Structure formats: structure tokens, C-alpha cells
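As a plain string of letters, each chain reads:
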Amino acid sequence: MAQAPDNELPKRWPLVVDLENRDTSTAKDARLVNAYVEKTKNPGEFWLFKRPGLLEYANIGGNGFGVYNWLGNIYSVFGSTIYKDGVSKGTVDATGGVYRFSQSLGGTPKLQLGNGVKAYNYDDSGGLVLINDADFPSTFVKGWGYLNGTTYVGRSNAGIQGSEINDTTAWDPLNVLTAQIEPDAAIALAKQLVYVIMLKQWSVESFYDAGNSTGSPLGRVEGAKVSLGCAHQDTVRDLDGALIWASTTRFSAYQVALMENLKARVISSDAVERLLLHPDTSQGVFSWATRIGGHKFYVLTLKANNLTLVYDVSEDRWAQWVDKDGNYFPIVDSTYDSSGNRIVQHETNGKLYKLDPSYFNDANDLIQVDIYTPNFDAGVRVNKYLAWMRFVGDQVPGSIMQVRVNDDDYDPTRWSNFRSVDLSLKHPTLDNCGTFKRRALNLRHRSNTAFRLQAADLALSLGPI
């Protein structure tokens, strides 16, 4: 029986993976579920973390349609009601999905909210008031742009309508400019830095405050046109000044794009784009963004596809997040409170939650982390004997990881039974790991504890050649 010297084979099985699905399903190949990655100062070294958990913050009731922090108070739309810190402040439209919010200054600062069907102003003295000025567009897209006192909204015909200075109750009939480098329809409006951004079907145009004395103050930023359109208005989110959205062109399916300093780039990997190849928006599209624990996350959910994808801007990596039943992660919006807590809104159960890495469950529902590794053959397609695997991770009392293997290219009928590893031990080890030519691992963590894992050290040797 021929044996290779130990130093000819890898001694460590890296466990940090990217989405590597070969087709439109997540049923095969490498992926991270309910986890995220963080690189260390050592080149090529990473840690895997359990995603942040949820702790109930407020139980209000109704379907969630948006949450926002304005002047230190939490405004949320549940069903057809808007609440300030849980207290009803009026009735709003509930047919347009998740609202987008803005705010204006002036003698009486106001909160703006709109869902593409109706738009409102709110302040404590005047209450909730429908924006029904004759010059406010009857059909408009989601999103707002506040720039130098003027609030802008996007008309469905690609016009950009501006308000009076710091007065969102009055809309100037002459303050209109059309985004018309391309003849495509408007999808959403946003702001980046000192620019108003119109996202259209297959293009994006940018505008600055040109200080025009008549008509719209805006002027087009020549040369800043982007040939990536917006696939759906509910995918657009701002994250620390970067705009992220599901993009498309005349010739391609969904991608995900990120714009910084008016420069856009595609951030979706080939594997992510395969998952987005047949997007079904019939039951709703959700997106939200947050910054937590040094990471910036953009979260995109296609409800009918039962899929939530998470992009970590800080690490340039994708993962999949799910709920306790393995379905899409049912969060529709996010904000923060005066204490700096990250607040997220549930789609249907009427609740707001704190989102935090120190919560190891979702409001007492265990979070199931699944790590599916790529097929591993150590560079040689011959039998290899694995005497043991020793896992490199944090020692946490009560933390149990389950491990199973598949030597048949992720065939769902050929997974082994799970074996348990006690991660509270100094050297958590699985012995007698068998012989294989090519193998994938599924590491599962479902304990109400912290979870941080780096790699598996291997006692690996060649079998008969």
C-alpha cells in the first residue's frame, strides 16, 4: 500500500466558502446559510460567524410596510396605520408595499413617506396629511431626494418633480426636469452625496443642483450615465452613501449593482446571478441594509422564489439567510433607535426586533447555521483515509456542532448521518472519518450559543493507488 509523506497533503480544510451553486437551485454545491465571513489580519485566514439574532423590540400588529428613525423617534407603518413609538398617528395606504421615507427642514420640519401610490407629510403639530397638491405627480416611483432645501420625487414618465424650498406641502409646477438620455421609464429615485439619482429600466442618470433661477434647479451630470437599469423599485437601498439595487439591462437578467461616487459596478457573482435567473416578483420583493459589528449588509428577498441573499459589502461575499423553517428571512426594513440598536421590521407578525450578534436566537427560535463546503479531493482523485478532523473555533459551553459528509457530489440521498462535536472542548475532534476520493461536508450549528469557526485540521493520508 503506497503512502505519501504527510507534508504532501493539506493539513487544513478551509471552511470559509462562497455561494457556488451550479444552477438556479441552492440544493447543491458550496454555500453559507445564516452565517457571514470575516477575514483576519493573517493573509488567507478567515472566521465564520453566526448571523445576528432577533430580540423583540415592539409588538404593534399588522403587516410591516416600513420603519424609520426621525428626530430620535421610531416611525413604523403596520397595515394601514403609521405609528410613532408604537402610538397610532393616522391611516395610510396599504396597497403599495414598503414605504420610503425622507425628511425636510423649514420652520416646521416634516417627515415624508411614500409607497408609489400615496405620499404623506407628518409633523406633530399638523399630524398626518396626504400630499395632494395639484402639481404633485399622480403617478410616482418610490424614493425621495432632498437637496439644498428642495425635495424631489420621480414621476413615472421619468420626470423629476421638485417642491418649494423646505415646503413639501407645495410643489412648483415649473420645477420639473426629465431624465431623457434614454427613453426608458422611471423605476425609482434616490440620492447619493450631492446628487439626485434617477434609476430607470436600463439606465441611471445623475443630477446636481445647478442653481437655475427658473424651472428645475437641477442640471444633468454629463458623462455620469450608467448603462445598468433597475429591475425593481423595492430593491433600491442606501448603505452609508452607497446605492445598491437589483439591476438589469435590455439584454440580461437580474444582477446586483453598487454605486459609489456616481460610479457603478456589478457586485453579484455568477452563482448569485444563476439564483436570480428566474425572479418571481408576484408575491413581493424586499430589501434592507444595515451596518453591524464592522460589517455592512445588503439584504435582498424574493418571496415567491423563497430566497434571501445577503451581500457583505465589507468582505465582498454573499450568503443565504433563512428563518427557523428554512424559508426566506421575513424582514422588510431596518433603522436604528436613539441607543444605537439596529431595529428591523417583520413582514407579517406586526413586530419590530433588535438585530444584534449578541442574540444567539430569533426571539427564542434557534438559528440553524449550515456550512456546505465545496467538494474536496486534496488535489488527487485517489482514495484518501481521514483518521480524524479537529475543528478550530471558539470554546463555548453548550455549543454543539453536527457534521455529515457526502462523497457523491451532493446527492441528497447519500448524506451520512450527522455526528456531534462538542465545541466546548479544547480540541473538538471527530475520529474515524473514513475513506473518500472526493467529499463535501455539511457543518450544522443549532445551539443557543455564540458560534465562530475557522477551519478543520486533518489527519489525512493516501490510500491504495
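Quick summary incoming for the structure in this document.

Definitions and limits used
Residues numbered from 1 in each chain as written. Predicted model: local features only at pLDDT ≥ 70, side-chain atom pairs only at ≥ 80, totals over all residues. Heavy atoms only, no water. Helix = DSSP H or I, 4+ residues; strand = E, 2+ residues; numbered from the N terminus. Buried < 20%, exposed > 50% of the residue type's maximum accessible area, 1.4 Å probe, protein only. Lys, Arg positive; Asp, Glu negative; His and termini not counted. Salt bridge = Lys/Arg side-chain N within 4 Å of Asp/Glu carboxyl O. Polar contact = N/O pair within 3.5 Å; in protein donor to acceptor, adjacent residues only side chain to side chain. Phe/Tyr/Trp six-rings, centres within 6.5 Å; stacked < 30°, edge-to-face > 60°. Lys NZ or Arg CZ within 6 Å of the ring centre and 35° of its normal. Pairing = 2+ DSSP bridges. Core = buried A, V, L, I, M, F, W, Y, C linked by side-chain atoms within 4.5 Å. Contact = heavy atoms within 4.5 Å.

## Quick look at unusual backbone geometry
- Backbone geometry places Asn148, a non-glycine residue, at a positive phi of 55 degrees.
- Looking at the element boundaries, Asn148 is found in the loop between strand S14 (145-147) and strand S15 (150-154).
- Overall, the relative accessible area of 56% leaves Asn148 in the exposed class.
- Although it is not a glycine, Asn364 adopts a positive phi angle of roughly 80 degrees.
- Tracing the sequence through the fold places Asn364 in the loop between strand S34 (361-362) and strand S35 (365-366).

## Thoughts on the side chain of Glu273
- Within the element layout of this structure, Glu273 appears in helix H1 (residues 270-275).
- Here Glu273 sits buried without a salt bridge, and the closest side chain of opposite charge, Arg274, lies 8.2 Å off (N-O distance).
- A polar atom in the side chain of Glu273 sits 2.8 Å from the side chain of Ser268.

## Section: the packing of aromatic side chains
- The final tally for this structure, using the stated rule, is 15 aromatic pairs.
- Pairing Phe136 with Phe140 gives two aromatic rings, centres 5.3 Å apart and planes at 70 degrees, and the pair type is edge-to-face. We note that Phe136, like Phe140, is buried.
- Between Trp321 and Phe329, the aromatic rings sit 5.9 Å apart at their centres with planes inclined by 90 degrees, giving edge-to-face as the arrangement. The pair Trp321 / Phe329 is uniform in exposure class, with both members buried.
- A connected cluster of aromatic rings, assembled from ring pairs, spans Tyr36, Phe49, Trp288, Phe297, Trp321 and Phe329.
- The side chain of Arg51 reaches across the aromatic face of Trp321, ending 5.9 Å from its centre.
- Of note, Arg404 hangs over the ring of Trp415, and the distance from its end group to the ring centre comes to 4.6 Å.

## Section: the pairing of strand S26 (residues 263-266)
- As paired elements, strand S25 (residues 255-260) and S26 share four bridges and run antiparallel to each other. Each residue of the ladder has a partner; that of Leu258, found in S26, is Arg265.
- Adjacent in sequence and paired antiparallel, S25 and S26 are bridged by two residues, among which Asn261 carries a positive phi angle near 50 degrees.

## Regarding the nonpolar core
- In terms of nonpolar packing, the biggest core is built from 48 residues, with Met389, Phe391, Val403 and Leu443 touching the most fellow members.
- Considering every element that reaches this core, the biggest residue donor is strand S43 (residues 452-462), with four residues.
- Beyond its immediate chain neighbours, meaning those up to four positions away, Met389 contacts Trp13, Val403, Pro428, Thr429, Leu430, Cys433, Leu441, Asp457 and Leu458.
- Among the nonpolar cores identified, the runner-up in size contains 22 residues, and Ala242, Leu275, Tyr311 and Trp318 belong to it.

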